[in-house]
Amino acid sequence: MIRYCTSCLFPETKPDLELDKDGVCSACIYYARRKEVDWDARKEELVAILERYCCQDGSRYDCIVPSSGGKDSHFQVTKMLELGMNPLVVTSTTCAPSDIGKRNIDNLKDLGVDYVEFSYNRPVRRRLNRFALEQIGDISWPEHVTIFTVPVHYAVKFNVPLIIWGENSQNEYGGPAGAAENNALNRRWLEEFGGLLGLRVTDLIGQEGIEQKHLIMYTYPNDLDLQRTGVTGLFLGYFVPWDGLQNALVAQSRGFETWPGFVEGTIANYENLDNHQTGIHDYFKYLKYGFGRATDLANLHIRRGRLRREDALEMVKIHDGRFPWTYLGKPIEVTLTEIGLTLDAFIAICDRYTNKRIFKTDAKGKLVKDNGRPVKINHDNP
């Protein structure tokens, strides 16, 4: 039987998660420590840092804010403007942009910032999506890599030494203590926690006709350029008490658009609105580890006292790990066709990556499913 956190709903199968002797997970422990933080002192620390990086003569941007156009991006940009910074906002375009995501990017541009969107060689990106899905079970691998590399390239290009990232995911969702308490994002953080899943960018060369020239923006800038620019990437979530729902409310007050109802596979209407492939990514997390995005969000609300654990559990049972027949209203067959896969081929890949220690199988070893969703062995007993 899988052990679950006694405070939230994270299972022990989550990568980098630890349970203490009382069964409490590292994510809950890190959140509890926030009560000990002097947030006024942290804000003063942030202001002091920004003063050092502020370009007084206006000859360059003060900082770069990486952006997907989502609620956190809106919050980051809003906070930098409130603190008197002149940010350059940089978007690494998603693989299958949604209409609502495009509208939110347009809204963010209206907040009063210069904005850069970097788009990729589409045929190459589709091949990378398919290759990553087949080889490591993550269709979003190319996107997650470039979220962290593209803004750094622009920092070097425009000689902007400060990058303002959002949350430290190792703190928010549980991870090694050293990484969870870190306030900076660098090459080492990317390679260890940035979603590479053991697949290096250099491994792609020669696959599906991919050449080195196709991967320029998928790689981190070289160390000499980084040293020359002095690039520093800070997590804003280290300096302010990070809360996705609060960020969403701030974003909505500035024109951010939410989805009409829960986004498929989640229990929220305010996040992961930019990419039609995200439903596939979240589904594979469920297949590998036995939990999905609904659990992630439920845990955030449990820790903040907005949901009781027992109520959150009932919501997760309904929404977590549902087969992504649609995502943001787009049928999965259309999304798969764009990367050259049939539905049957996709289901075969799903079955290959399903963790059979977590899900039920019949006498012939085939997965037991309910409307496409594998049935967990101890689904009712977290």
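All of these numbers come straight from a predicted model, not from anything done at the bench.

1. With respect to the packing of aromatic side chains
Okay, step 1: The tally for this structure, following the rule as stated, stands at 14 aromatic pairs.
Okay, step 2: On the numbers, 5.6 Å between centres and 85 degrees between planes, the contact of Phe75 with Trp242 is edge-to-face. Pair noted here: Phe75 is in helix H3 (residues 71-82) and Trp242 is in the loop between helix H11 (236-239) and helix H12 (244-253), with a separation of 167 residues, a long-range link. Accessibility assignment for this pair places Phe75 and Trp242 in one class, buried.
Okay, step 3: Ring pairs connect the aromatic residues Tyr283, Phe284, Phe323, Trp325, Phe346 and Tyr353, which therefore count as one cluster.
Okay, step 4: Looking at Lys14, its charged tip hangs above the ring of Phe10, at a distance of 5.4 Å from the centre.
Okay, step 5: Seen from the ring of Trp39, Arg42 lies directly overhead, with NZ or CZ sitting 5.5 Å from the centre.

2. Observations concerning the pattern of salt bridges
Okay, step 1: Under the counting rule described, the total for this entry stands at 22 salt bridges.
Okay, step 2: Note that Lys109 and Asp106 form a salt bridge whose closest N and O atoms lie 4.0 Å from each other. Of the two residues, Lys109 and Asp106 both sit in helix H4 (residues 99-109), three residues apart, roughly one turn of that helix.
Okay, step 3: Since its relative accessible area comes to 31%, Lys109 is described here as partly exposed.

3. Some remarks on the packing of helix H5 (residues 122-136) against helix H6 (residues 141-157)
Okay, step 1: Orientation of H5 relative to H6, taken along the N-to-C sense of each, is 110 degrees, at an axis distance of 8 Å. Classified by the angle their axes make, H5 and H6 are roughly perpendicular. Listed contacts from H6 to Arg125, Leu128, Asn129, Ala132 and Ile136 of H5 are Trp141, Pro142, Glu143 and Thr146.
Okay, step 2: Taken together, the residues that form the contact of H5 with H6 break down as five nonpolar, two polar and two charged.

4. Observations regarding the nonpolar core
Okay, step 1: Membership of the largest hydrophobic core comes to 32 residues, with the highest contact counts inside it found for Ile64, Leu128, Trp141, Tyr154, Leu204 and Leu215.
Okay, step 2: Of all the secondary structure elements, the ones that give two or more residues to this core are strand S2 (87-92), H5, H6 and strand S4 (162-165).
Okay, step 3: Element by element, the count of residues in this core is highest for H6, at eight residues.
Okay, step 4: Beyond its immediate chain neighbours, meaning those up to four positions away, Leu204 contacts Leu128, Phe131, Trp141, Leu199, Ile210 and Leu215.

5. Some words on the packing of H5 against helix H17 (residues 343-353)
Okay, step 1: Running from N to C, H5 and H17 point in directions that differ by 40 degrees, and their axes come no closer than 9 Å. The orientation of H5 relative to H17 falls into the category oblique. Within the contact between the two elements, H5 uses Leu133, Glu134, Gln135 and Ile136 and H17 uses Phe346, Ile349, Arg352 and Tyr353.
Okay, step 2: Per-class residue counts for the contact of H5 with H17 are five nonpolar, one polar and two charged.

6. Topic: the confidence of the model for the protein
Okay, step 1: Residues of the protein with pLDDT of at least 70 account for 91%, and the chain-wide mean is 90.
Okay, step 2: Looking at the elements of the protein, mean pLDDT is at its lowest for helix H8 (residues 177-180), recorded as 42, and at its highest for strand S7 (residues 330-331), recorded as 98.
Okay, step 3: Taken together, the stretch residues 173-180 has pLDDT below 50 and engages in 32 contacts with residues farther than four places along the chain or on a different chain.

7. Thoughts on the environment of Ile164
Okay, step 1: By secondary structure assignment, the location of Ile164 is in strand S4.
Okay, step 2: Overall, the relative accessible area of 2% leaves Ile164 in the buried class.
Okay, step 3: Along the sequence, Ile164 and Ile318 sit 154 residues apart, while their C-alpha atoms lie 36 Å from each other.
Okay, step 4: The residues touching Ile164, leaving out its near neighbours within four places in the chain, are Leu50, Cys63, Ile64, Val65, Pro66, Gln76, Met80, Leu234 and Leu236.

8. Let's talk about the environment of Arg306
Okay, step 1: Positionally, Arg306 belongs in the loop between helix H14 (293-303) and helix H15 (309-319).
Okay, step 2: Judged by relative accessible area, Arg306 falls into the partly exposed class, the value being 35%.
Okay, step 3: Separated by 226 residues in sequence, Arg306 and Met80 have C-alpha atoms that sit 28 Å apart.
Okay, step 4: Among all residues touching Arg306, those that are not within four sequence positions of it are Asp243, Leu245 and His301.
Okay, step 5: Polar side-chain contacts of Arg306 include one of 3.0 Å to the side chain of Asp243.

9. Remarks on H5
It helps to recall that an α-helix has 3.6 residues per turn; residues three or four apart then point in one direction.
Okay, step 1: Between the first and last C-alpha of H5 there are 21 Å, a value that for 15 residues agrees with the 21 Å anticipated at 1.5 Å per step.
Okay, step 2: When we look at burial in H5, the residues that qualify are Val124, Arg125, Leu128, Asn129, Phe131, Ala132, Leu133, Glu134 and Ile136.
Okay, step 3: Where H5 is buried, its residues touch H6, helix H13 (278-289) and H17.
Okay, step 4: Its side-chain oxygen at 3.2 Å from the backbone nitrogen of Val124, Asn121 defines the N-terminal cap of H5.
Okay, step 5: Directly beyond the C-terminal end of H5, a positive phi value near 70 degrees is found at Gly137.

10. What about unusual backbone geometry?
Okay, step 1: Unlike most non-glycine residues, Asp16 shows phi in positive territory, near 70 degrees.
Okay, step 2: Inspection of the secondary structure assignment puts Asp16 in the segment before helix H1 (26-32).
Okay, step 3: Taking relative accessible area as the criterion, Asp16 reaches 39% and is therefore assigned partly exposed.
Okay, step 4: The phi dihedral of Glu208 is positive, around 55 degrees, even though this residue is not glycine.
Okay, step 5: By the secondary structure assignment, Glu208 is in the loop between helix H9 (187-193) and helix H10 (223-229).
Okay, step 6: Under the relative-accessibility criterion, Glu208 is labelled partly exposed at 41%.

Thresholds, definitions, all that
- Residues numbered from 1 in each chain as written.
- Predicted model: local features only at pLDDT ≥ 70, side-chain atom pairs only at ≥ 80, totals over all residues.
- Heavy atoms only, no water.
- Phe/Tyr/Trp six-rings, centres within 6.5 Å; stacked < 30°, edge-to-face > 60°.
- Helix = DSSP H or I, 4+ residues; strand = E, 2+ residues; numbered from the N terminus.
- Buried < 20%, exposed > 50% of the residue type's maximum accessible area, 1.4 Å probe, protein only.
- Lys NZ or Arg CZ within 6 Å of the ring centre and 35° of its normal.
- Salt bridge = Lys/Arg side-chain N within 4 Å of Asp/Glu carboxyl O.
- Axes fitted to C-alpha atoms, helices over the stretch in contact; angles between N-to-C directions.
- Parallel < 35°, antiparallel > 145°, perpendicular 65-115°, else oblique.
- Contact = heavy atoms within 4.5 Å.
- Nonpolar A, V, L, I, M, F, W, Y, C, P; charged D, E, K, R; others polar.
- Core = buried A, V, L, I, M, F, W, Y, C linked by side-chain atoms within 4.5 Å.
- pLDDT = per-residue confidence, 0-100.
- Polar contact = N/O pair within 3.5 Å; in protein donor to acceptor, adjacent residues only side chain to side chain.
- Expected span 1.5 Å × (residues − 1).

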